[in-house]
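Each chain, letter by letter, is given below.
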Amino acid sequence: MDFKLEIAKKISNITDMEEAKVLDLMEIPPQPNMGDYAFPCFQLAKVMRKAPNMIAKELAEKVEKDNIVEKAEAAGGYLNFFVNKEEFIKQVINQVIEQGDKYGTSDEGEGKTVLVEFSSPNIAKPFHIGHLVNTITGNAIEKIFKHLGYKTVKLNHIGDYGTQFGKLISAYKRWGDDEVIEKDPINELLKIYVKFHDEAEKDPSLENEGRMYFKQLEDGEPEAVALWEKFRELSLKEFKKLYKDFNIEFDSYAGESFYSDKMPEVIEILKDKNLLKESNGAQIVDLEQFNLPPCMIIKSDGATIYATRDLAAAIYRKRTYDFFKSLYVVGNTQALHFKQFFSVLKLAGFDWADDCVHVGTSLVKFADRKLASRKGDVIYAKEVVDEAVEKTLEIINTKNPNLENKEDVAKKVGMGAIIYTFLKNNMDRDIIFSWEDMLSFEGESGPYVQYSYVRGKSILKKAGNIDENPDLSYLKTEDEYNLVKQLGFFKETVKQAADRYEPFVINRYVTDLAKAYNKFYNTHPILTAEKEVRDARLALTKAVTNVLDIGLNLLGIQTPESM
RNA sequence: GCGCCUGUAGCUCAGUUGGAUAGAGCAACGGACUUCUAAUCCGUGUGCCAGGGGUUCGACUCCCUUCAGGCGCACCA
């Protein structure tokens, strides 16, 4: 039973306002002593032609009292509701425990598919911190939608196409050393690629050679294709190591090259609709009616460009998956490109263009460029992971040296710290990278929430068998009630995170829940309390650890059993 | 020049989509471990919500404008 909904019904019954509208207006009072739910009467004032505080008073009298609403009280223009706490506590905890890891799920996504494109690194280029932020964000968004019942598909749109690969083939044929490449593929490939650029400055004919190999690649020359496949495989192997660390698996690695043969159709469609226009030798789609710069489709040299590939990919995906929504988790800096490309889809008559959403992720910046990296001037994902895990191991060795599976725990906690930091704030804001923030394991942090979970788990373990049907009326303190209230918010939190495409909403929620539990934990004994109280508190603890576990997992943060 | 984003406590950021006295963490200081894991908890302060107009019962929130910072503006992705 949903208390908020029940109260909305009651209000709707005694006013002319629809239930949905009431629900929308309802809020939580700023102070707990003011009540559990509040209904502002200001909007009714216009219709009823009465002062809001008068209306609140009248409604307070009329509201039906029962085992849900204990008291309704007017406070200025607000009508405040006090629910039957005992009943509320019972409902919430039982629901959490019964539903287990399904708690907070919904059927809103039933039968609907949501595509999530994220990560999308480039072949033979290092995976840097920007990719990491993007990967972590996309992963969380996918999990959130999945929890709401959507079928989700994780797409890794690998950057594996373009003249750069012709250059790489050329570089490889000149300076490639398989033995060295096997050891550290991405860095070595990057090295020879950079060398190619340096040499090309001295000898411009190299550029032609690069273009030639790309042409061979496009024409399907076996040798060029074989090399390209080799680079792709080596790179993917590296990327997958990192994905494994973060427990991420993609459903598709179809990259740019996959769509290379699907572009002629796009061009046909645009031609048919009379959308292509010649401009300075290039073919563009004019977007003036959207107040946007034109979108380039074919370059003046006849080659296609990324917008063309994105169009081909979108059409292919609609056909293949018949998506309800197609999310592009890509950096904020590319906002314009997505506006343009979605607009072209719309002009081409694809009404599902509105179901395509660019979820713009934060730009990572450095307060002091020199301190950006411990080694160089960019930060690689691996570097961040290694630092975080190492720092965690140090802490474990001082705080809990006898811990089992130290390495495993250090990994979960270190990664947790990274994920938490990247999903801490809304994505319109840039992330100012600092090692201090990243490696701070106190206060609002991943380890803080994991620690709260571990403490709860530890108690449950010590308790052994717990009463399946405890008398929850023994949960009488304010700390306990606040904790239960927090548990009750979970469902709308997940919904909100999905509606806003913002994982940080979940992040704040688990933090608040952990805070409430820590407060409770520090002031009230559990195992040593008298039997009835102990049983009730164990049930509460079980519910809290369950929701912390779900919430953290939605973010991609794993939960150790001890730390 | 145009477009988008940001501006809230010393720092990093929330602020339930227009509601009640604007909140957290960090940093500083003080307190709580022979007691369920102190990676914890409790206590002590701070605000021209960038500035100026407007909209209305009511604005950190919406509109206009100024200032400051960031990102982006076709042959890279």
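Thresholds applied
- Residues numbered from 1 in each chain as written.
- Chains lettered and ligands numbered in written order.
- Predicted model: local features only at pLDDT ≥ 70, side-chain atom pairs only at ≥ 80, totals over all residues.
- Heavy atoms only, no water.
- Near = heavy atom within 4 Å.
- Polar contact = N/O pair within 3.5 Å; in protein donor to acceptor, adjacent residues only side chain to side chain.
- Helix = DSSP H or I, 4+ residues; strand = E, 2+ residues; numbered from the N terminus.
- Nonpolar A, V, L, I, M, F, W, Y, C, P; charged D, E, K, R; others polar.
- 1 Å grid on protein atoms, 1.4 Å probe; cavity = no way out; pocket = protein on both sides within 12 Å on 5 of 7 lines; lining within 4 Å.
- Points joined across faces, edges and corners; volume = space filled by probe spheres on them.
- Pairing = 2+ DSSP bridges.
- Axes fitted to C-alpha atoms, helices over the stretch in contact; angles between N-to-C directions.
- Contact = heavy atoms within 4.5 Å.
- Phe/Tyr/Trp six-rings, centres within 6.5 Å; stacked < 30°, edge-to-face > 60°.
- Buried < 20%, exposed > 50% of the residue type's maximum accessible area, 1.4 Å probe, protein only.

Participant: What exactly am I supposed to notice about the protein's contact with RNA strand B here?
Facilitator: The environment of RNA strand B is formed by 61 residues, the closest being Y78, E256, Y306, Y451 and Y521. Of everything in RNA strand B that lies within 4 Å of the protein, sugar and phosphate atoms constitute 63%. G443 is positioned such that a nitrogen or oxygen atom in its backbone is 3.0 Å from a phosphate oxygen of RNA strand B. At 2.4 Å, a side-chain N or O of K515 approaches a sugar or linking oxygen of RNA strand B. Within the residue set of the surface near RNA strand B, elements represented by two or more residues are β3 (78-83), β7 (282-285), α13 (306-321), α14 (335-347), α15 (381-399), α18 (446-463) and α21 (504-523). Broken down by element, the residue count for the surface near RNA strand B peaks at eight residues, all from α18. For the surface near RNA strand B, a count of residues per class yields 29 nonpolar, 14 polar and 18 charged.

Participant: Teacher, can you tell me more about the layout of surface pockets here?
Facilitator: Over the atoms rolls a probe the size of a water molecule, and its path tells where empty space is left. Approximately 690 Å³ is the volume found for the largest pocket. If you go around the largest pocket, you meet 29 residues; those closest to its centre are D2, K4, G488, K491 and E492. Contributing elements (two or more residues each) for the lining of the largest pocket: α1 (3-14), α2 (19-25), α5 (85-99), α19 (478-488) and α20 (490-500). By residue class, the composition of the lining of the largest pocket is 13 nonpolar, seven polar and nine charged. In this structure, the second largest pocket spans a volume of roughly 600 Å³.

Participant: How should I be thinking about the environment of D198 in this particular structure?
Facilitator: One can find D198 in helix α9 (residues 185-202). Separated by 316 residues in sequence, D198 and A514 have C-alpha atoms that sit 53 Å apart.

Participant: Honestly, the sheet that holds strand β9 (residues 325-331) in this entry has me stumped. Any pointers?
Facilitator: Note on sheets: strands pair through backbone hydrogen bonds, and any given pair is parallel or antiparallel. Reading across from one edge, β5-β4-β9-β10 is the order of the four strands in this open sheet, with parallel pairing throughout. At either end of the open sheet lies a strand with only one pairing partner, and these are β5 (151-155) and β10 (356-361). Between one strand axis and the next, the sheet turns by 20° as a mean value, whatever way the strands run. Here strand β4 (residues 113-117) runs beside β5; their pairing, made up of five bridges, is parallel. Residue pairing in the sheet places L115 in a bridge with V153 of β5. Lying on the sheet, helix α6 (residues 129-147) is in contact with β4, β5, β9 and β10; it crosses β9 at an angle near 160°. Contacting β9 and β10, α14 runs over the sheet at an angle of about 180° to β10.

Participant: Looking at this structure, how should I read the packing of aromatic side chains?
Facilitator: As enumerated under the stated definition, the model contains 30 aromatic pairs in all. Between F127 and F239 the ring centres are 5.7 Å apart and the planes differ by 55°, which places this aromatic pair in the tilted class. Taken as a pair, F127 in the loop between β4 and α6 and F239 in helix α11 (residues 222-245) lie far apart in primary sequence, 112 residues in all. As far as burial versus exposure is concerned, F127 and F239 are alike and both buried. Ring centres 5.2 Å apart and planes at 45° place the aromatic pair Y328 and F338 in the tilted group. Residue Y328 is found in strand β9, and its partner F338 is found in helix α14; the two are separated by 10 residues along the sequence. Assigned by exposure class, Y328 and F338 land together as buried. Through pairs of rings, three or more aromatic residues link up here, namely F118, F127, F239, Y243, F250 and Y253.

Any link to function would need more than the numbers given here.
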